[in-house]
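What follows is the residue order along each chain.
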Amino acid sequence: MEVAIVSDMHVPGQAKRIPDAFRERIRTADRVIHAGDFGSKEALVDVQALASDLTAVYGNADPNDIDLPNVASVNIAGVTFVVVHGIVNPVERAVSSSEGVVMNRDDWVNAIADTARARGDEPVVGIGGHTHEVEDAVHDGVRLLNPGSATGVGPDTEATMLTVEVVDGDIDVTLHEA
C-alpha cells in the first residue's frame, strides 16, 4: 500500500499551491497523511479533493475554524501511523506542569516519539511537520518521519514530500523533491 506524506503547505499565505508532481502522487496514493499547516480551508479542500483517503491534523498556521484533530492515528497494513504537527508535545503537557512547547530539535523528536508511543500500537511510526525539514530517524525505538514542506517554504527551499510503501508491517520510505 502506498502512503503519500505531506506537510507545511502554507497556501496561499506563503505559496500558491503544491507542485503538480506532488499533486499526482497524492492523487494516486492509497492513503494520504498530512501533518498540518495547510494554511487555509481552501488548501485543505484541495488536498481532500485529490486524496482518496486522508488522515490530517491541525497545524499552528491553520485557521482556528479548520476542523482537524491535534493528533490522529491510522493503521495501514499492520503499521500504526500517529500524526501530530509538532509544535507541542501533548504527552509532556498532559503529565507535567509545562506547556510542552517545542523549542528545538530534541523537543521535536521527543514530541513526535512520545505521542506515537502513547497513541499507537507496535509497530508504530510517528509523523510530524512544523520544522519544514525532512526527517527519517529512529528515536527511542520509534521511527520518525517529517516530509518537510510540500511547497518549499523555508528554511529549506526545495519542496519535499515522502511516500511510504507499507507491506506486512514493513515500510520503505522515499523522499521526493520538486
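Predicted model only: the values in this text are computed from it and were never measured.

How each quantity is defined
- Residues numbered from 1 in each chain as written.
- Predicted model: local features only at pLDDT ≥ 70, side-chain atom pairs only at ≥ 80, totals over all residues.
- Heavy atoms only, no water.
- Pairing = 2+ DSSP bridges.
- Helix = DSSP H or I, 4+ residues; strand = E, 2+ residues; numbered from the N terminus.
- Axes fitted to C-alpha atoms, helices over the stretch in contact; angles between N-to-C directions.
- Contact = heavy atoms within 4.5 Å.
- Buried < 20%, exposed > 50% of the residue type's maximum accessible area, 1.4 Å probe, protein only.
- Arc of directions from axis to C-beta.

**Re the sheet that holds strand 4 (residues 71-76)**
- Across the sheet, which stays open at both edges, the five strands sit in the order 4-5-6-8-7 with mixed pairing between neighbours. Two strands in the sheet have a free side with no partner beyond their single neighbour: strand 4 and strand 7 (134-139). The mean angle between the axes of side-by-side strands here comes to 20 degrees, regardless of whether they run parallel or antiparallel.
- Pairing geometry for strand 4 and strand 5 (residues 79-84), over six bridges, is antiparallel. Each bridged residue has a counterpart across the sheet, and for Ala 72 the counterpart in strand 5 is Val 83.
- Along the sheet, helix 4 (residues 105-119) makes contact with strand 4, strand 5, strand 6 (124-127), strand 7 and strand 8 (142-147), crossing strand 8 at roughly 120 degrees.

**So, helix 2 (residues 41-50)**
- For helix 2, every residue scored as buried is listed here: Ala 43, Leu 44, Val 47 and Leu 50. Along helix 2, the residues classed as buried sweep out an arc of 125 degrees about the axis, all on the same side. Relative to its buried face, helix 2 has exposed residues pointing more than 90 degrees away, namely Glu 42, Val 45 and Ala 49.
- Where the residues of helix 2 are buried, they touch helix 1 (20-28) and strand 3 (54-56).

**Quick word on the sheet that holds strand 1 (residues 2-6)**
- Read from one edge to the other, the open sheet built from five strands follows the order 3-2-1-9-10, with strand pairing classed as mixed. Every other strand in the sheet has two partners, leaving strand 3 and strand 10 (170-177) as the edge strands with one partner each. Between one strand axis and the next, the sheet turns by 20 degrees as a mean value, whatever way the strands run.
- Across eight bridges, the pairing between strand 9 (residues 160-167) and strand 10 is antiparallel. Bridge pairing links Val 166 to Ile 171 in strand 10.

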